[in-house]
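Chain and residue survey
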Amino acid sequence: NPFATAALAAGYAQSRPPLHARIMDRAFSTARIDRPVALAIDLGCGSGLSTQPLVSRAGLVLGMEPFPGMLSWARTVVPEAHFLAARTEALPVAAGTADLMTAAGSLNYCEPAAAFREIMRVLASGGAICVYDFSQGGSARDTAALAGWFDEFRTLYPIPPSEAIPLDPKALANFAAPLAPGAAEHFEMEVPMDAAAYEAYIMTESTSAPPCAPEHLRPTSAPGSGILWRPCFRAPFMTLCSQATLPGSTAPKSHCRGNPAPAFTSSICAACRSVWPATNNTH
């Protein structure tokens, strides 16, 4: 498995774009999830970058990751959190204990039905799960040069066929029933990167690429060290949809808004668990 390699674990810890906190802020604001919780769990936490934003939102934060190589970095990236080697389909957590769960691009690599059975077992009554991802940054709004460089990179280092299962809000709703739909939004962000930072990031997008491209194998259109990119990340399969009122919230039942300056794209689907009687809270 490519995620089990030491090189990719290091790349994820050191070179991925700083997006998780911004995505969570947007997701939780839209879904009106704004109160601190007792326990938050990050599913498929990787090197810990997606776990870090949960530290300020929960008294106890757990990161779950099936590949120990990733966890060796996670404990350094987020020393305040606790990490366990575990699959989402078999979480070593008691039923009804998690107030908040997140999954950043990880449920696509699970067996969805089994994963959501575990998620529903572990979520506390009134708890929430936020599922999100972001696409590759292969273009920029202000220049065509980055797209040319990215295309050449893809030619030199073809991205292997993905084992990921496509998940959009409709698919998530089907797997997540009887979780109540909360909020779904498709938006974009941009992140300034110099040439070295962008190259280090893009090497994490292909398991056939070395940690650092040899000089003679770099794309001929590689930018100079002084160039600053503003890569654009897109996820066009996501759409704005209605937001259900969360338990204890005064949020409106529908919420749609556009983004006047799209650039770095993320997909978000927040699903809240209905408040069930205690006798039904153990399945």
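Just so it is clear, the structure is predicted and the values come from calculations on it, not from any experiment. (Residues numbered from 1 in each chain as written. Predicted model: local features only at pLDDT ≥ 70, side-chain atom pairs only at ≥ 80, totals over all residues. Heavy atoms only, no water.)

Remarks on the pattern of salt bridges
The condition is simple: Should a side-chain nitrogen of Lys or Arg be within 4 Å of a carboxyl oxygen of Asp or Glu, the pair is scored as a salt bridge. Note on conventions: DSSP H or I runs of at least 4 residues are helices, E runs of at least 2 residues are strands, and numbering of each starts at the N terminus. Only protein chains enter the calculation, and the probe is 1.4 Å; a residue is then buried if its accessible area is under 20% of its type maximum, exposed if over 50%, and partly exposed in between.
Enumeration over the complete set of coordinates arrives at 4 salt bridges. Asp25 is paired through a salt bridge with Arg57; the nearest N and O atoms lie 2.6 Å apart. Of the two residues, Asp25 sits in helix H2 (residues 20–31) while Arg57 sits in the loop between strand S1 (37–43) and strand S2 (58–65), which places them 32 residues apart along the sequence. For Arg57, a relative accessible area of 19% translates into the label buried. Its salt-bridge partner being Arg87, residue Glu89 comes within 2.9 Å of it at the nearest N-O pair. Judged by its relative accessible area of 42%, Arg87 falls in the partly exposed class.

A short note on the environment of Ala31
Along the chain, Ala31 turns up in helix H2. Along the chain, Ala31 and Cys130 lie 99 residues apart, while their C-alpha atoms are 9.5 Å from each other.

Re the packing of helix H4 (residues 112–122) against helix H6 (residues 169–176)
Let me state the cut-off plainly: Geometry is summarised by axes, namely lines fitted to C-alpha atoms with helices restricted to the contacting stretch, and by angles between N-to-C directions that run from 0 to 180 degrees. Angular relationships are summarised with four words: roughly parallel below 35 degrees, roughly antiparallel beyond 145, roughly perpendicular across 65 to 115, and oblique for the angles in between. Any pair of residues with heavy atoms lying within 4.5 Å of one another is described as a contacting pair. All residues other than Ala, Val, Leu, Ile, Met, Phe, Trp, Tyr, Cys, Pro, Asp, Glu, Lys and Arg, Gly among them, are scored as polar; the first ten of these are nonpolar and the last four charged.
Interaxial distance between H4 and H6 falls to 9 Å at its minimum, and their mutual angle equals 60°. Here H4 lies oblique to H6, going by the angle between them. Where H4 abuts H6, its residues Pro112, Ala113, Phe116 and Met120 lie against Leu172, Phe175 and Ala176. Class assignment for the residues of the contact of H4 with H6 results in 7 nonpolar, no polar and no charged.

Looking at the nonpolar core
Put simply, the rule reads: Side-chain atoms within 4.5 Å link the members of a nonpolar core, which is a set of buried Ala, Val, Leu, Ile, Met, Phe, Trp, Tyr and Cys residues.
Counting 40 residues, the largest nonpolar core has Ile23, Phe83, Leu100, Tyr198 and Ile202 as the members making the most contacts within it. A total of 5 residues in this core trace back to one element, the largest contributor, which is H2. In terms of nonpolar packing, the next biggest core, distinct from the first, is built from 26 residues, Leu107, Phe116, Ile119 and Ile129 among them.

Focus: helix H3 (residues 68–77)
We apply this condition: As used here, the arc is the angular range of directions from the helix axis to the C-beta atoms.
Along H3, the positions that sit buried rather than exposed are Met70, Leu71 and Ala74. Each buried residue of H3 lies within a common arc of 95° when the element is viewed along its axis, so the set occupies one face. Residues of H3 that are exposed and point more than 90 degrees away from the buried face comprise Pro68 and Thr76.

Describing the confidence of the model for the protein
Going by this rule: Note on scores: pLDDT gives the predictor's confidence for each residue, bounded by 0 and 100.
Residues with a pLDDT of 70 or more make up 73% of the protein, whose mean pLDDT is 75. Predicted confidence is poor over residues 272–283, with pLDDT under 50, and the contacts of this stretch with residues over four places away or in other chains come to 36 contacts.

A short note on the packing of aromatic side chains
Heads up, the rule is: Only centres within 6.5 Å qualify two rings of Phe, Tyr or Trp (six-membered ring in Trp) as a pair; their planes then separate them into stacked at under 30 degrees, edge-to-face at over 60, and tilted for everything else.
Evaluation of the coordinates by the stated rule reveals 4 aromatic pairs. With a centroid separation of 5.6 Å and an interplanar angle of 70°, the aromatic rings of Trp149 and Tyr198 are classed as edge-to-face. Taken together, the residues Trp149 in helix H5 (residues 145–156) and Tyr198 in helix H7 (residues 195–203) connect sequence positions 49 residues apart. Tyr198 matches Trp149 in its accessibility class, with the two residues each being buried. Ring-pair connections join several aromatic residues into one group, and the members of that group are Trp149, Phe153, Tyr157, Tyr198 and Tyr201.

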